[in-house]
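# Geometric and topological summary
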Amino acid sequence: KAYVLYSRMASSWLNQGISAKCKLSSIQTTAIMAPNVALVIGSFFMGDSEKSAATVKKGFPKLEGLEVGEPTMGNEFDFDSLKDCKLLIICTSSQYGMPPPDFAEFAHHLLNAATNHPGCLKHLQHAVFGNGDETYFDTYMNMPRYMDMLLEKAGSRRFFARGEKGEPNAALDTEKTTCEAWTKGMWAAAGAARKDPSAAAVPWDALWAKPKSEHHEQVTRWDLKKLESKLGKPETVPTILTGKPRTAKFRDLQHYLSHIRDMDAGVKNVSKL
């Protein structure tokens, strides 16, 4: 609706001759930047990862050129929107080593990307924070570790060491990671990542560069067949995995802003007549 409204406003200003150029420039100056940092959640039961995502969102220090979207459950997240993202932050728990039910579709899309379309996320940079219960020793921290691994296989660049609640983290110089400390370090690294996206990726096991895990550093991998047998298969496949263009002309606000810039250029040409 906003797209239609602003287009009609611009058209009206042009027809009335009321300084359309100035008004369009004002819209461009005051318009809210479209989110280009995705924050995706995999949470259940006590909602630990949902709380972690809220901490990450709240801790965003307003970095130039970056805008964080609202924390979104994996099943509700538009995987195709990653085409327009610069950074992806995942906060997830594990359910017996598998995705929480509300994260199943995102996990399926990511596994599909890593398995069948390696490199499709090469424009992206990511960081992962995990919650886990050591009572479930064999599959402890499996989802954050596996998702971090799959993102790399899909082409994304890890810009900060994975955070695992209660585990060591060399980047933070701590033996017991908290979400608050990880969030602060991660956003500092995000600022550097924005300026130099071609820098070498942080290693998958960088968090254990000093103290090792008191539990284990293992990952239980599963394939699409096993995932689908446990949690089903998404009804649709993201276009980022099919190569087909999205049908919406203005999929998000970034496309709208591009449209406004084109209109402003047109106004400049008219003003020369």
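Residues numbered from 1 in each chain as written. Predicted model: local features only at pLDDT ≥ 70, side-chain atom pairs only at ≥ 80, totals over all residues. Heavy atoms only, no water.

### Structural notes on the overall build of the protein chain
When helices and strands are tallied, the protein chain shows eight helices and six strands. Start at the N end of the protein chain and walk to the C end: the helices and strands fall as α-α-β-α-β-β-α-β-α-β-β-α-α-α. A buried classification covers 46% of the 273 residues belonging to the protein chain. Restricting the contact set of the protein chain to residue pairs at least 6 apart, pairs at least 24 apart contribute 80%. Counting every atom, the protein chain has about 14000 Å² of accessible surface; 53% of that belongs to carbon and sulfur. (Helix = DSSP H or I, 4+ residues; strand = E, 2+ residues; numbered from the N terminus. Buried < 20%, exposed > 50% of the residue type's maximum accessible area, 1.4 Å probe, protein only. Contact = heavy atoms within 4.5 Å. Areas by Shrake-Rupley, 256 points an atom, 1.4 Å probe, with all protein chains shown as cover.)

### Considerations on the nonpolar core
In this structure, Leu82, Leu88, Phe106, Leu110, Met147 and Trp222 are the most contacted members of the largest nonpolar core, which totals 36 residues. Secondary-structure elements contributing two or more residues to this core are strand S1 (37-42), strand S3 (87-92), helix H4 (104-116), helix H5 (142-153) and helix H7 (224-231). In this structure leucine 82 touches Ala38, Phe77, Leu88, Leu121, His123 and Leu124, once residues within four positions along its chain are discounted. Grouped together as the second largest cluster of nonpolar side chains are 23 residues, Ala53, Met73, Phe160 and Trp182 included. (Core = buried A, V, L, I, M, F, W, Y, C linked by side-chain atoms within 4.5 Å.)

### Digging into unusual backbone geometry
Positive phi, normally seen in glycine, also occurs at phenylalanine 45, with a value near 55 degrees. Relative to the helices and strands, phenylalanine 45 resides in the loop between S1 and helix H3 (48-58). Given a relative accessible area of 76%, phenylalanine 45 falls into the exposed group. Even without being glycine, lysine 62 reaches a positive phi, approximately 60 degrees. Mapping lysine 62 onto the fold places it in the loop between H3 and strand S2 (72-73).

### Digging into the pairing of S1
Extensive coverage of S1 is indicated by the burial of six of its six residues. Because side chains alternate across S1, one face comprises the buried residues Val37, Leu39 and Ile41, and the other comprises Ala38, Val40 and Gly42, equally buried. Note: S1 against S3, six bridges, orientation parallel. Considered in S3, the bridge of isoleucine 41 is made with cysteine 91. (Pairing = 2+ DSSP bridges.)

### Quick look at the side chain of histidine 126
Relative to the assigned elements, histidine 126 resides in strand S4 (residues 125-130). Accessibility expressed as a relative area gives 0% for histidine 126, which makes it buried.

### As for the side chain of aspartate 80
Tracing the backbone through its elements, the reader meets aspartate 80 in the loop between S2 and S3. The buried charged residue aspartate 80 lacks any salt bridge partner; its closest oppositely charged side chain belongs to lysine 83, at an N-O distance of 4.4 Å. Within the local environment of aspartate 80, its side chain forms a polar contact with the backbone nitrogen of isoleucine 240, the two atoms lying 2.8 Å apart. (Lys, Arg positive; Asp, Glu negative; His and termini not counted. Salt bridge = Lys/Arg side-chain N within 4 Å of Asp/Glu carboxyl O. Polar contact = N/O pair within 3.5 Å; in protein donor to acceptor, adjacent residues only side chain to side chain.)

### Description of the environment of alanine 113
With respect to the helices, strands and loops of the structure, alanine 113 is situated in helix H4. Under the relative-accessibility criterion, alanine 113 is labelled buried at 0%. Taking the C-alpha atoms as reference points, alanine 113 and lysine 153, separated by 40 residues in sequence, lie 8.3 Å from one another. Sequence-distant contacts of alanine 113, that is, excluding residues within four places in its chain, are made with Pro118, Cys120, Ala154 and Leu241.

### Some thoughts on H3
Those residues of H3 lying buried are Ser49, Ser52, Ala53 and Val56. End-on, the buried residues of H3 take up no more than an arc of 100 degrees, which puts them together on one face. Exposed residues pointing more than 90 degrees away from the buried face of H3 are listed as Lys51 and Lys58. Against the buried residues of H3 lie S1, S3, S4 and helix H6 (179-195). (Arc of directions from axis to C-beta.)

### So, the pattern of salt bridges
Should their charged atoms come close, side chains of opposite charge can pair. Summed over the entire model, instances satisfying the criterion amount to eight salt bridges. A salt bridge links arginine 162 to glutamate 164, with the nearest nitrogen and oxygen atoms 2.9 Å apart. In terms of burial, arginine 162 and glutamate 164 fall into one category: buried. When the shortest N-O distance is used, the salt bridge between lysine 210 and aspartate 173 registers 3.5 Å. One end of the pair, lysine 210, is in the loop between H6 and H7; the other, aspartate 173, is in the loop between strand S6 (163-164) and H6, and 37 residues separate them in sequence. Classification of aspartate 173 as exposed rests on a relative accessible area of 60%. Counted as one network, the salt bridges with shared partners bring together Arg145, Asp148, Glu152, Arg158, Arg162 and Glu164.

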